[in-house]
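Listed here are the chains, written in short residue letters.
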Amino acid sequence: MEREFNVSKITVRNAIKELVQEGYLETRSGKGTKVIRNITASKLSRGKRFTETLVEQGHKVQKQILNVNELENQPGTEKYHLFGKYCFSIERLYFLDDRPYIHYMHYVSSQLMNRETAVYQDQSLYKLIEDKNIDLKTFRDQFDVVDVPANVAKKLEMDDDRMILKRERYAYDENDQLIEYSVGYYNTSMQKYLIHYDV
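Sequence order as written defines the numbering, with residues in each chain counted from 1. In keeping with the predicted nature of the model, local features appear solely for residues at pLDDT of at least 70, side-chain atom pairs appear and are counted solely at 80 or more, and the whole-chain, interface and lining totals rest on all residues. Only hydrogens and water are removed before side-chain values are computed, so all heavy atoms of the structure are retained for them.

A. Focus on a negative patch on the surface. For patches, a residue must show more than 30% relative accessible area and have no salt bridge; joins then use 9 Å for like charges and 5 Å for nonpolar side chains, namely Val, Leu, Ile, Met, Phe, Trp and Tyr. Note on areas: Shrake-Rupley with a 1.4 Å probe; residue coverage comes only from the protein chains shown. What counts as a salt bridge is simple: a side-chain nitrogen of Lys or Arg found within 4 Å of a carboxyl oxygen of Asp or Glu. For the charge count, each Lys or Arg is scored as positive and each Asp or Glu as negative, with His and the chain ends excluded. To locate a charge, take atom NZ for lysine, CZ for arginine, CG for aspartate or CD for glutamate. Residues Asp147, Asp159, Asp160 and Asp161 make up a contiguous surface patch of negative charge. For aspartate 161, a relative accessible area of 64% translates into the label exposed. Note on exposure labels: buried denotes an accessible area under 20% of the residue type's maximum, exposed denotes more than 50%, and partly exposed covers the range between, all computed with a 1.4 Å probe on protein chains only.

Here it is, written out as structure tokens:
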């Protein structure tokens, strides 16, 4: 590009940086730069994480790992269908202003994670997946309003006769391979679920 357009390296770098900010290009560490054809999709992919929005609004958000287990899945169960014979489950709790707010159960392939790497404490699960050079391409979320399960109600310090927002997420890589499945319960009586997009 320097030779073709007769410009300096700094000019090329600055141009690439601007095109990334505008959503025309995508750069990934160790993977280079690629053109994004669907500009609308690229803008949507810049949506802020829910917890980032809460922090920007002045809330204090903390995470706590409750359990990490390797599960032997039984044939016929959903997790067996998704991951095969074994998977890791990671149970964690999010606190909003020191009160339990979200309960998560994450399931990931045991081929991608072991007990040591699963205990990631404050690290984002998606950052941990990214550090393993796995690019997540697609997220599919399903929402429902359900009776709060008794074990979740206890951990979220809720009455067990209440309704709660349930979110199921399926995260796929570039080869449409399922990397993570999660179930989250949100106590929206404390704070509504927010989706914030900068477009």
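B. Molecular detail of the packing of aromatic side chains. For Phe, Tyr and Trp, where Trp contributes only its six-membered ring, two rings pair if their centres lie within 6.5 Å, and the inter-plane angle classes them as stacked under 30 degrees, edge-to-face over 60, or tilted in between. Under the criterion given, the structure shown has nine aromatic pairs. Here the aromatic rings of phenylalanine 50 and tyrosine 186 are separated by 5.9 Å at their centres, their planes lie at 55°, and the arrangement is tilted. Placement of phenylalanine 50 in helix α4 (residues 50–56) and of tyrosine 186 in strand β8 (residues 178–186) is noted, with a sequence separation of 136 residues between them. Taking relative accessible area as the criterion, phenylalanine 50 reaches 9% and is therefore assigned buried. The exposure class assigned to tyrosine 186 is buried, which follows from its relative accessible area of 1%. One aromatic cluster in this structure is built from Phe50, Tyr94, Tyr101, Tyr104, Phe143, Tyr186 and Tyr193. Above the plane of the ring of tyrosine 107 lies lysine 79, whose end atom (NZ or CZ) is 4.8 Å from the centre. For the purposes of this entry, the term helix denotes a DSSP run of H or I that reaches at least four residues, the term strand denotes a run of E that reaches at least two, and both are numbered from the N terminus. Here, a charge over a ring means that NZ of Lys or CZ of Arg falls within 6 Å of the ring centre while also lying within 35 degrees of the ring normal.

C. Quick peek at the sheet that holds β8. Between any two strands, at least two bridges found by DSSP are needed for them to pair. Reading across the sheet, the six strands line up as β3-β4-β5-β8-β7-β6 and stay open at both edges, with antiparallel pairing between neighbours. Whereas interior strands pair on both sides, the edge strands pair on one side only; in this sheet they are β3 (61–72) and β6 (136–147). Going across the sheet, the axis of each strand differs from the next one's by a mean of 15°, ignoring polarity. As paired strands, strand β4 (residues 86–96) and strand β5 (residues 99–109) are joined by ten bridges and run antiparallel to one another. Bridge assignment links cysteine 87 to a residue of β5, and that residue is serine 109. In this description, a line fitted to the C-alpha atoms serves as the axis of each element, helices being fitted only across the stretch in contact, and the angle between N-to-C directions of two axes falls anywhere from 0 to 180 degrees.

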